[in-house]
Amino acid sequence: MVKINLKLLKKRAQDEIKRAGDLKLLNEVFKKYLGKKGELTLVLRSLEKLPKAKRVKVGKEANEIKNFLRVQFDQKAAAIKEKAKKEAEEKEWIDITQPGKKPATGHLHPLTQVRRKTEEVFQGLGFTVTEGPEVENEWYNFDALNIPKDHPARDLWDTFYLKGGLLLRTHTTPVDVRYMEKNNPPLRIITIGRCFRHEATDASHESNFYQLDGLMVGKDISVANFKAIIQEFFQRFFGKPVEIRMRPSFFPFTEPSFEVDMTCLVCKGKGCSACQKTGWMEMMGAGMMHPNVFKNSGLSPKNWQGWAFGMGFDRLAMMKYKINDIRLLYSGDLRFLKQF
Ligand code: DAH
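Residues numbered from 1 in each chain as written. Predicted model: local features only at pLDDT ≥ 70, side-chain atom pairs only at ≥ 80, totals over all residues. Heavy atoms only, no water.

### Overview of the environment of Pro 133
Along the polypeptide, Pro 133 turns up in the loop between strand S1 (128-130) and strand S2 (135-137). The sequence separation of Pro 133 and Pro 148 amounts to 15 residues, and the corresponding C-alpha distance is 21 Å. When near neighbours in sequence (up to four residues on either side) are disregarded, Pro 133 contacts Arg 169 and Arg 178. (Helix = DSSP H or I, 4+ residues; strand = E, 2+ residues; numbered from the N terminus. Contact = heavy atoms within 4.5 Å.)

### Things to note about the packing of helix H1 (residues 6-19) against helix H2 (residues 23-34)
In contact at an axis separation of 9 Å, H1 and H2 are set at 165 degrees when each is read in the N-to-C sense. Between H1 and H2, the crossing angle belongs to the class labelled roughly antiparallel. As H1 packs across H2, the resulting crossing turns out to be left-handed. Residue-level contacts link Leu 9, Arg 12, Ala 13, Glu 16 and Ile 17 of H1 to Leu 26, Val 29, Lys 32 and Tyr 33 of H2. For the contact of H1 with H2, the residue count by class is 6 nonpolar, no polar and 3 charged. (Axes fitted to C-alpha atoms, helices over the stretch in contact; angles between N-to-C directions. Parallel < 35°, antiparallel > 145°, perpendicular 65-115°, else oblique. Left-handed = near helix turned anticlockwise from the far one by under 90°. Nonpolar A, V, L, I, M, F, W, Y, C, P; charged D, E, K, R; others polar.)

### Quick look at the domain arrangement of the chain
Annotation of the chain at the domain level lists domain 1 (2-86) and domain 2 (110-337). Just the C-alpha atoms count here: the centres of domain 1 and domain 2 sit 97 Å apart. (Domains from an automatic or database assignment.)

### Quick word on the site of the ligand
Close contacts around the ligand come from 15 residues, with His 171, Thr 173, Arg 197, Gln 211 and Ala 308 the closest. For the ligand, an oxygen atom lies 2.9 Å from a polar atom in the side chain of Gln 211. Contacts to the ligand include Asp 213, whose side-chain N or O atom sits 3.1 Å from an oxygen atom. Those elements that place two or more of their residues in the shell around the ligand are strand S5 (208-218), strand S8 (280-289) and strand S9 (305-312). Across the shell around the ligand, the residue classes tally to 6 nonpolar, 7 polar and 2 charged. (Near = heavy atom within 4 Å. Polar contact = N/O pair within 3.5 Å; in protein donor to acceptor, adjacent residues only side chain to side chain.)

### Looking at the environment of Lys 182
Inspection of the secondary structure puts Lys 182 in helix H7 (residues 174-182). On the accessibility criterion, Lys 182 (70% relative accessible area) is exposed. Spatially, the C-alpha atoms of Lys 182 and Tyr 210 are 24 Å apart, while their sequence positions differ by 28 residues. (Buried < 20%, exposed > 50% of the residue type's maximum accessible area, 1.4 Å probe, protein only.)

### Topic: the packing of helix H5 (residues 110-124) against helix H10 (residues 313-321)
Any two packed helices are characterised by the angle at which their axes cross and by the distance between the axes. The geometry of H5 relative to H10 is characterised by a closest axis approach of 10 Å and an angle of 100 degrees between their N-to-C directions. The orientation of H5 relative to H10 falls into the category roughly perpendicular. Contacts between H5 and H10 involve Pro 110, Leu 111, Gln 113, Val 114, Arg 115 and Thr 118 from the first element and Phe 313, Asp 314, Leu 316, Ala 317 and Tyr 321 from the second.

### Some remarks on the pairing of S5
Across the 11 residues that make up S5, a large majority, 11, are buried. Here S5 shows a buried face lined by Asn 208, Tyr 210, Leu 212, Gly 214, Met 216 and Gly 218 and a second buried face lined by Phe 209, Gln 211, Asp 213, Leu 215 and Val 217. By the bridge criterion, 10 bridges tie strand S4 (residues 187-196) to S5 in an arrangement that is antiparallel. Note on S5: the bridge partner recorded for Arg 194 is Tyr 210. Sheet analysis places S5 next to S9, joined by 8 bridges and oriented antiparallel. Residue pairing across strands places Asp 213 opposite Gly 310, the latter belonging to S9. (Pairing = 2+ DSSP bridges.)

Here it is, written out as structure tokens:
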């Protein structure tokens, strides 16, 4: 006969059930007490060897403990399963109200954005977008534009000269000549392109920069047309009314020539450091195309007249986005570029 304290057995089993952290451990506890060779099973099996009175008493107690423990096992197993289920659910839970993650797709460089906007506005005003070579010859870059070889005016452009009479164009104005050679007026074109000058760089100068050149030729195209077109361009480009003013100036390829300023958008004309406290921003050179340039392009100045203008294109971008250093546009610094 197995001599055993049933109360203690019950207590031990209960504690172990409580401590079992997963189904495998719980199963081991079950085997230990209620398995084929489990402690309580052995007690139940040995009952027959007891005298009748004792058998009834011990048998009753042992069976009660067996039923009690079974219930405990079942409850614990259910609790373990429930906990595992909850944990799994928590792991898989998704917050369907959370905003999605935006994939980094990149975007256009501010100069490209400004270029597209400029082309769109001028196309809306009836202009054709043209282009020409970045490696030019002296004829188109200078001579055809009424800038003779030994004339001091050529010094206005610090030029990178290449071999064989070639050079890196210092402005986009040569494209005007190339276009007039091949196309008959009336015509309206703009050219946006890269230009090069051999000069020291600072906040407003780069040796590599962009220029926007415009040309309008017809029978009776005048400065009044120029003013109207430029005012309209600024208004559409900046999305608000912009005042402009014209001052006399000099360019070899225009006569008369003038300089065009617009209200400084940084201070709205009040005067700030960006506009040297004048309230005006210098935006471009312009003028009525010189008769010699028409002749050099194969057109008769008796039949045609028109205006041209040339603008620092980077400057347009700087005004639009209030950028105070041209070099930032060419730095390739993503911390800068991601702002636009
Ligand atoms: N090409 C000139 C420059 O680089 C700017 C310019 C002035 C262009 C007057 C023009 C113009 O077409 O008419 O300084």
